[in-house]
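Survey of secondary and tertiary structure
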Amino acid sequence: MTDQSIDSFYRGEFIPRAHRIGRSTVLVAMVLCVLPALYLSFVLGAYPGIGPIMQGFLAIAAFVGIMWVVEPISYFPVLGVCGTYMSFLSGNIGNMRMPVAISCQSAIQAETGTRRAEVAAVLGIAVSVIVNLVFLIAVVLIGGALIAVLPTPVADAIKNYTLPALYGAVLVMFVNSATRRNAMTGLLAGLAVFLSPISEIYGSAAAGILAIILAVLLNMGCQKKPVETAA
Amino acid sequence: MEQVLQTANGMALWLFALLVVSIVVVQALMFLRMTLNFSNRFGILTPAERGIVYKTATINSIGPAIAVFFVAVTLVAMVGGPVTLMRVGVIGSAVFEFVAADQGAKAVGAELGTDSYTLEAFTASVWVMTLGGMGWLISTFFMTKSLDRAQDRMSASNPALIRAIGTATPIAIFSLLGANAAIDKSWLSNVTVATDDLIATISAAAAMILLHAAGKHRAWLREWAVGFALIGGLAAGYIASHALA
């Protein structure tokens, strides 16, 4: 009975509100983002002309254009609705939002796909957005001084090994949260993309999409067998 | 160059940066409040669990935030504080913003951090960063609703599928990120292994396996697990790079 009302509240009120908040804030952000470029171009008169802007834009689009579409899809299964709006507005998804989401879920031992897991991810991501901004403001205000305080070995280790170490640790967390079968599916998808000619920058998004496709194919097969549906 | 940095660090740009940062904060607080209400109304998380989540999120954000810090510092020297804050705060992977700034400068025949970097070149950089980052915002704006609907339909007909997708996808992504961080290759050839990076990845993963086992009965350890594993990985990578050199 309670479950029923959670679900109807979730679909009927929570999610529609999440879309309203998400879309309106993203829209406002898009407008605000353009202001500095407009100001420099037309108030200070430094407009470089449409030619150079397009040339630079196309160089970037050739390199990240596919990611604009593929990344939101491949991160959605973990981030959910609120998490997607927050993560794509604030960036740093692979290196901060995803690790924070899984650590918070594991800290309270919430199972993937439950409401508990979703609430933990949203709260965690919101907190990480704030912490990240505090650090960024520190960068621009104190900048180099803070780095000068760190002993060289520590600074070197942080600079060079944070990402490899983070990826290793986070991979283990996700494997721990999965059934053996789903973990194998994910690892296979990763391996297949790694061995393929797909270039490194598209790799993670491609692996995500391949894992979604594999999971769909494997589980559709399962559903047809009456024994498994019963169990 | 001097003059450009003066404009780049001027009042007007600080004001714009502040606006952009505020919308990010406002959005996070709105989602936070809405989700807390939802959780309280149906007793989804206990107050103790909420405390654990806040603490875990803070601990686990600090390591990556420091790493972003290093790239951001370089960017500040090139395009000034406000643009760095606004770009890395919104959509930023700091590395992407770097490439975008560079491409914008190149398009007007200038180079970042040199005297050729005029106000016009700076403006071109800002345009390319803005339009480049816009792609993610546009697709998020248009796609999130459909993704949600698709997932909802699937979970109604086959709940096991949603769990499979939700767990297999991040494993695929992070196994690839880990492999790419340590191994450089063109397709099946020119393979180079960065041994120190590989050791950092493997040590952090091994530390995590141990911490996970140890954390089964010690709740506080689960909050710190990623932080400890990171430190283990950093130390191992650093020692390996010196032992090998």
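What you see is a predicted model, and the numbers here were worked out from it, not measured in a lab. (Residues numbered from 1 in each chain as written. Chains lettered and ligands numbered in written order. Predicted model: local features only at pLDDT ≥ 70, side-chain atom pairs only at ≥ 80, totals over all residues.)

Per the secondary structure count, chain A includes nine helices and zero strands. Listed by position from the N terminus, the elements making up chain A come as α-α-α-α-α-α-α-α-α. Each principal axis of the C-alpha distribution contributes one length, and for chain A these read about 70 × 45 × 35 Å. Looking at the 231 residues of chain A, the share that counts as buried comes to 50%. In chain A, once contacts between residues fewer than 6 apart in sequence are set aside, the share between residues at least 24 apart is 57%. (Helix = DSSP H or I, 4+ residues; strand = E, 2+ residues; numbered from the N terminus. Buried ≥ 20, exposed ≤ 12 C-beta atoms within 10 Å, placed from the backbone. Contact = placed C-beta atoms within 7 Å.)

Our next topic: the overall build of chain B. Helix and strand content of chain B: nine helices and two strands. Its helices and strands taken in sequence order, chain B reads α-α-α-α-α-α-α-β-β-α-α from the N to the C terminus. For the C-alpha atoms alone, the extent of chain B along its principal axes is close to 60 × 55 × 35 Å. Buried residues in chain B amount to 53% of all 245 residues. Contacts spanning at least 24 positions in sequence make up 58% of the contacts within chain B whose residues lie at least 6 apart.

On to the UniProt feature "transmembrane region" (unreviewed entry) in chain A, then. All names here are of chain A. With numbering matched to this structure, UniProt assigns "transmembrane region" (unreviewed entry) to residues 26-47, 53-70, 119-149, 161-179 and 191-218. Helix makes up 82% of residues 26-47 and strand 0%, whereas the separation of the span's terminal C-alpha atoms amounts to 26 Å. Between the C-alpha atoms that bound residues 191-218 the distance is 17 Å, and the span itself is 86% helix and 0% strand. (UniProt positions renumbered as here; feature names shortened; annotations may be inferred.)

Residues and elements named next belong to chain B. Mapped onto this numbering, the UniProt entry gives "transmembrane region" (unreviewed entry) at residues 12-32, 52-79, 121-143, 164-183, 198-215 and 224-244. Each end of residues 121-143 is marked by a C-alpha atom, and these two atoms are 34 Å apart; helix forms 100% of the span and strand 0%. For residues 198-215, the helix share is 100%, the strand share is 0%, and the end-to-end C-alpha distance is 25 Å.

Turning our attention to the environment of Gly 178 of chain B. Inspection of the secondary structure puts Gly 178 of chain B in helix H7 (residues 159-182). In sequence terms Gly 178 of chain B and Asp 197 of chain B are 19 residues apart; their C-alpha atoms lie 9.2 Å from each other. Contact partners of Gly 178 of chain B, with chain neighbours within four places excluded, come to Pro 164, Tyr 167, Gly 168 and Leu 171 of chain A together with Thr 201 of chain B.

With that settled, consider the interface of chain B and chain A. Of the residues lining the interface, 128 residues belong to chain B; the matching set on chain A comes to 140 residues. Mapped by element, the contributors of at least two residues to the side of chain B that touches chain A are helix H2 (11-42), helix H3 (47-79), helix H4 (81-89), helix H5 (94-107), helix H6 (119-157), H7, helix H8 (195-215) and helix H9 (219-244) of chain B. Tallied by class, residues from the side of chain B that touches chain A come to 84 nonpolar, 35 polar and nine charged. (Nonpolar A, V, L, I, M, F, W, Y, C, P; charged D, E, K, R; others polar.)

In this section: the domain arrangement of chain B. All names here are of chain B. The domains assigned to chain B are domain 1 (2-157) and domain 2 (165-244). Taking only C-alpha atoms into account, the centre of domain 1 sits 26 Å from that of domain 2. Contacts between the two partners involve six residues from domain 1, matched on the other side by five residues from domain 2. Residues belonging to the side of domain 1 that touches domain 2 are distributed by class as follows: two nonpolar, three polar and one charged. (Domains from an automatic or database assignment.)

Let us look at the environment of Gly 135 of chain B. Mapping Gly 135 of chain B onto the fold places it in helix H6. Not counting residues up to four positions away in its chain, the partners in contact with Gly 135 of chain B are Gly 65 and Trp 68 of chain A.

Time to look at the nonpolar core. Judged by nonpolar contacts, the single largest core of 154 residues is most densely connected at Ala 120, Ala 169 and Val 170 of chain A together with Val 20, Ala 168 and Met 208 of chain B. Split by domain, the residues of this core number at least three in each of domain 1 (2-157) and domain 2 (165-244) of chain B. Discounting chain neighbours no more than four positions away, the residues touching Ala 169 of chain A are Ala 204, Ala 205, Met 208, Val 226, Ala 229, Leu 230 and Gly 233 of chain B. (Core = buried A, V, L, I, M, F, W, Y, C linked by C-beta atoms within 7 Å.)

All names here are of chain B. Per-residue confidence for chain B gives a mean pLDDT of 88; residues scoring 70 or more make up 96%. The spread of mean pLDDT over the elements of chain B runs between strand S1 (residues 183-186), the lowest at 74, and H2, the highest at 94. If you check the scores for this complex, the pTM reads 0.86 and the ipTM reads 0.86. (pLDDT = per-residue confidence, 0-100.)

Turning next to the packing of helix H3 (residues 93-107) of chain A against helix H6 (residues 152-177) of chain A. Packed helices, taken two at a time, are described by the angle their axes make and the gap between the axes. Residue and element names in this part refer to chain A. Where H3 meets H6, the closest approach of the two axes is 10 Å, and the angle between their N-to-C directions is 40°. As summarised for this structure, H3 and H6 are arranged oblique, according to the angle between their axes. The way H3 lies across H6 gives a crossing that is left-handed. Contacts from Asn 95, Met 98, Pro 99, Ile 102, Ser 103, Gln 105 and Ser 106 in H3 reach Leu 163, Leu 166, Val 170, Met 173, Phe 174 and Ser 177 in H6. (Axes fitted to C-alpha atoms, helices over the stretch in contact; angles between N-to-C directions. Parallel < 35°, antiparallel > 145°, perpendicular 65-115°, else oblique. Left-handed = near helix turned anticlockwise from the far one by under 90°.)

All names here are of chain A. With 15 residues, H3 extends 20 Å between its outermost C-alpha atoms, agreeing within 8% with the 21 Å of an ideal straight helix rising 1.5 Å per residue. Burial within H3 is extensive, with 15 of its 15 residues counted as buried. Gln 109, located one to two residues past H3, shows a positive phi value of around 50°. (Expected span 1.5 Å × (residues − 1).)

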